[in-house]
Amino acid sequence: MPLIIRNAETRDQDSLTVLMFAYIVGFYKKPKPDTSKIHQLIQTLLEHQRGIQFVAEQDGDLVGFATLYFAFSTMRAEEITIMNDLFLYEPYRNTEVEDQLFMHCQHYTQHKGYAYMSWITGTDNQRAQQFFDQKGAVRSEWVNYSFVPPAP
């Protein structure tokens, strides 16, 4: 069966949940979110109001996903996409599957009229940095910060 890159669908929820846990817990070593929260996020993205999720399907199995969130750039006064996630199971990294999933995000951004697509990756994720550099990505001059509210 050929590689298919497509929008996530309701029928993908279970497989996509497994992928997202592999990404969050397995790859990034973060605490496992509640399954209901992952399902709520998937449902929100299925509505295409705040973002969209794409899946990579190989031989009938989901092997990766990418998430674009919709936002605005004040500097450009235009809408942009933020690629918050690009994840594939290990055997599919550095393959045509990864290339196609990334290019799908780029094409979506361009064809829907967004000003640009931005993303970040971990400073220790050398493999991803090399992949993005090979794709002609431009490193930002911005430094990223986060605020995490204290637990109630």
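Residues numbered from 1 in each chain as written. Predicted model: local features only at pLDDT ≥ 70, side-chain atom pairs only at ≥ 80, totals over all residues. Heavy atoms only, no water.

Novice: Go over the packing of helix H1 (residues 13–27) against helix H2 (residues 35–46), please, and point to the residues and values.
Specialist: Put simply, H1 and H2 touch, their axes get as near as 10 Å, and they point 115° apart. By the angle between their directions, the pair H1 and H2 is classed as roughly perpendicular. The two elements H1 and H2 meet at a crossing, and its hand is right-handed. Across the interface between the two elements, Gln13, Leu16, Thr17, Met20, Phe21 and Ile24 of H1 pack against Thr35, Ile38, His39, Leu41 and Ile42 of H2. Looking at side-chain class alone, the contact of H1 with H2 contains 7 nonpolar, 4 polar and no charged residues. (Axes fitted to C-alpha atoms, helices over the stretch in contact; angles between N-to-C directions. Helix = DSSP H or I, 4+ residues; strand = E, 2+ residues; numbered from the N terminus. Parallel < 35°, antiparallel > 145°, perpendicular 65-115°, else oblique. Left-handed = near helix turned anticlockwise from the far one by under 90°. Contact = heavy atoms within 4.5 Å. Nonpolar A, V, L, I, M, F, W, Y, C, P; charged D, E, K, R; others polar.)

Novice: An account of the nonpolar core is needed here, citing residue identities and associated values.
Specialist: By size, the foremost hydrophobic cluster in this structure holds 21 residues, and its most contacted members are Leu68, Met83, Leu86 and Leu101. For this core, the secondary-structure elements that each account for two or more residues are strand E2 (51–58), strand E3 (61–73), strand E4 (78–88), helix H3 (96–111) and helix H4 (126–134). A per-element tally of this core places H3 first, with 5 residues. Judged by nonpolar contacts, the second largest core, of 13 residues, contains Leu16, Leu19, Ile24 and Phe87. (Core = buried A, V, L, I, M, F, W, Y, C linked by side-chain atoms within 4.5 Å. Buried < 20%, exposed > 50% of the residue type's maximum accessible area, 1.4 Å probe, protein only.)

Novice: Can you break down the layout of surface pockets residue by residue, with the values?
Specialist: What the largest pocket holds in volume is close to 1,700 Å³. Lining of the largest pocket is provided by 47 residues; of these, Ser118, Trp119, Ile120, Thr121 and Asn144 occupy positions nearest its centre. Secondary-structure elements contributing two or more residues to the lining of the largest pocket are H1, E4, H3, strand E5 (117–119) and H4. The element that contributes the greatest number of residues to the lining of the largest pocket is E4, accounting for 8 residues. Of the residues contributing to the lining of the largest pocket, the split by class is 24 nonpolar, 14 polar and 9 charged. (1 Å grid on protein atoms, 1.4 Å probe; cavity = no way out; pocket = protein on both sides within 12 Å on 5 of 7 lines; lining within 4 Å. Points joined across faces, edges and corners; volume = space filled by probe spheres on them.)

Novice: For the packing of H3 against H4, give the residues involved together with the corresponding values.
Specialist: Taken N-terminus to C-terminus, the directions of H3 and H4 make an angle of 65°; their axes are 12 Å apart at the nearest point. Both H3 and H4 take part in a crossing whose hand is right-handed. Between H3, through Glu98, Asp99 and Phe102, and H4, the contact on the second element is made entirely by Arg127, Phe131 and Phe132. Its residues assigned to classes, the contact of H3 with H4 shows 3 nonpolar, no polar and 3 charged.

Novice: Let's hear about the sheet that holds E4: which residues, and what values?
Specialist: Taken in spatial order, the 5 strands line up as E1-E2-E3-E4-E5 in an open sheet, and their pairing is mixed. Only two strands of the sheet have a single neighbouring strand rather than two, namely strand E1 (4–7) and E5. Between one strand axis and the next, the sheet turns by 30° as a mean value, whatever way the strands run. On the sheet, H1 packs against E2, E3 and E4 and is oriented at approximately 75° with respect to E3. (Pairing = 2+ DSSP bridges.)

Novice: Describe in detail the pairing of E3, supporting the description with residues and values.
Specialist: Bridging between E2 and E3 involves 8 bridges; their strand directions are antiparallel. Bridge pairing links Gly51 to Tyr69 in E3. If you look at the hairpin formed by E2 and E3, you'll find 2 residues sitting between the two strands, and Asp59 has a positive phi there, around 55°. Taken together, the 10 bridges between E3 and E4 define a ladder with antiparallel strand orientation. Looking at the pairing, Ser73 lines up with Glu78 of E4. In this structure, the hairpin formed by E3 and E4 is closed by a connection of 4 residues, where Ala77 is found at a positive phi of approximately 55°.

Geometric descriptors of this kind do not, in isolation, establish any biological role.
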